[in-house]
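# Breakdown of the fold
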Amino acid sequence: MFFFLPAGLKKSNKHPLHVSTTEINFNAKEKSLEITCRIFTDDFENVLAQQFKAKTDLSKPAMHKAMDELVKKYMNLHLQYLLNGKAAKASYVGFEKDNEATNVYLEIDNVSALNTLTVNNSILYDLFDDQMSILHVEKGGIRKSTRTNYPNRELSVSF
């Protein structure tokens, strides 16, 4: 998912759109769900600083290890999964900054089948009351998408 920003929007300006995107790919060969969350970096740094009362900078290499810990904690608190009717836990893989956004990578192992997936997503909900969450799930070339707006948190797809 790519974000469309209004022409002339400068990096220093606050963006008018509050959205996070979660892409989940079912890798049948590896029996895993590969998860990528894309969050505007400025918003993400603000919510991490607010929640953990810490200095944040997702761009600075010297702070990468400390930021890894904060990102991991934040994602565990704000994303929960119900896979085929059972709770599933994602493992944190890492993050990287990509232009104005930060990509966070997670993975759920030992997934033999993907029939239903419900994601409880509250990313940035404690920062914005107009936050939108978009979910894209791909299985065997079939892509399903859904979205929700604050205060709703639950996103579901079925195959």
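Reference entry: report on the structure contained in this document. What you see as residue numbers is a count from 1 along each chain, following the sequence as written. Given that this is a predicted model, residues contribute local features only at a pLDDT of at least 70 and side-chain atom pairs are listed and counted only at 80 or more, while totals for whole chains, interfaces and linings are drawn from all residues. Side-chain metrics in this entry use all non-hydrogen atoms of the structure; hydrogen atoms and water are not considered.

### Some thoughts on the packing of aromatic side chains
Note the threshold: Each Phe, Tyr or Trp ring (for Trp, its six-membered ring) is paired with any other whose centre lies within 6.5 Å, and the angle between the two planes then decides the class: stacked below 30 degrees, edge-to-face above 60, tilted in between. Counting from the N terminus, the helices are the DSSP runs of H or I reaching at least four residues and the strands are the DSSP runs of E reaching at least two. Only protein chains enter the accessibility calculation, which uses a 1.4 Å probe; a residue is then buried when its area is under 20% of its type maximum, exposed when over 50%, and partly exposed in between.
As enumerated under the stated definition, the model contains two aromatic pairs in all. Centroid distance Phe 44 to Tyr 74: 5.7 Å. Interplanar angle 70°. Geometry classified as edge-to-face. Here Phe 44 is found in helix H1 (residues 41–52), whereas its partner Tyr 74 is found in helix H2 (residues 64–78), with 30 residues between them in sequence. The exposure class of Phe 44 is buried, given its relative accessible area of 0%. Ring geometry for Tyr 125 versus Tyr 150: centroids 5.3 Å apart, planes at 65°, classification edge-to-face. Linking Tyr 125 in the loop between strand E7 (116–121) and strand E8 (132–139) with Tyr 150 in the loop between strand E9 (142–149) and strand E10 (154–158), this pair joins segments that are 25 residues apart in sequence. For Tyr 125, a relative accessible area of 6% corresponds to the buried category.

### Side note on the sheet that holds E7
Convention followed: Two strands make a pair as long as DSSP finds a minimum of two bridges between them. Only C-alpha atoms enter the line fits that serve as axes; for helices the fit covers just the stretch in contact. Angles between N-to-C directions range over 0 to 180 degrees. Two residues form a contact once any of their heavy atoms are found within 4.5 Å.
The strand order across the open sheet built from four strands is E4-E3-E7-E10, with neighbouring strands paired in antiparallel fashion. Of all strands in the sheet, those with a lone pairing partner are strand E4 (86–88) and E10, marking the two edges. For this sheet, the mean inter-axis angle between neighbouring strands, taken without regard to orientation, is 25°. Across five bridges, E7 lies against E10 in antiparallel orientation. Residue pairing for E10: Val 119 is matched across the bridge by Leu 155. On the sheet, H2 packs against strand E3 (79–83) and E7 and is oriented at approximately 50° with respect to E3.

### Brief notes about the nonpolar core
Basically, it comes down to this: Among the buried residues, those of types Ala, Val, Leu, Ile, Met, Phe, Trp, Tyr and Cys that are joined through side-chain atoms within 4.5 Å form a nonpolar core.
Residues Phe 44, Met 75 and Leu 106 are the most contacted members of the largest nonpolar core, which totals 36 residues. The dominant element in this core, judged by the number of residues it contributes, is H2, at five residues. For Leu 106, the residues in contact, after removing those within four places along its chain, are Leu 33, Glu 34, Ile 35, Cys 37, Met 75, Leu 79, Tyr 81, Ala 90, Ser 91, Tyr 92 and Val 93.

### A word on the environment of Gly 140
Secondary-structure assignment places Gly 140 in the loop between E8 and E9. Owing to a relative accessible area of 74%, Gly 140 belongs among the exposed residues under this scheme. Remark: the alpha-carbon pair of Gly 140 and Ala 28, spanning 112 residues in sequence, is separated by 8.0 Å.

### Quick notes on the pairing of strand E1 (residues 19–27)
A large share of E1 lies buried, amounting to seven of its nine residues. Bridging between E1 and E8 involves eight bridges; their strand directions are parallel. Residue pairing for E8: Thr 22 is matched across the bridge by Leu 135. Here E1 pairs with strand E2 (residues 32–40) via eight bridges, running antiparallel. Each bridged residue has a counterpart across the sheet, and for Ser 20 the counterpart in E2 is Ile 39. Between E1 and E2, which pair antiparallel and follow one another directly, the connecting turn spans four residues, one of which, Lys 31, has a positive phi of 55°.

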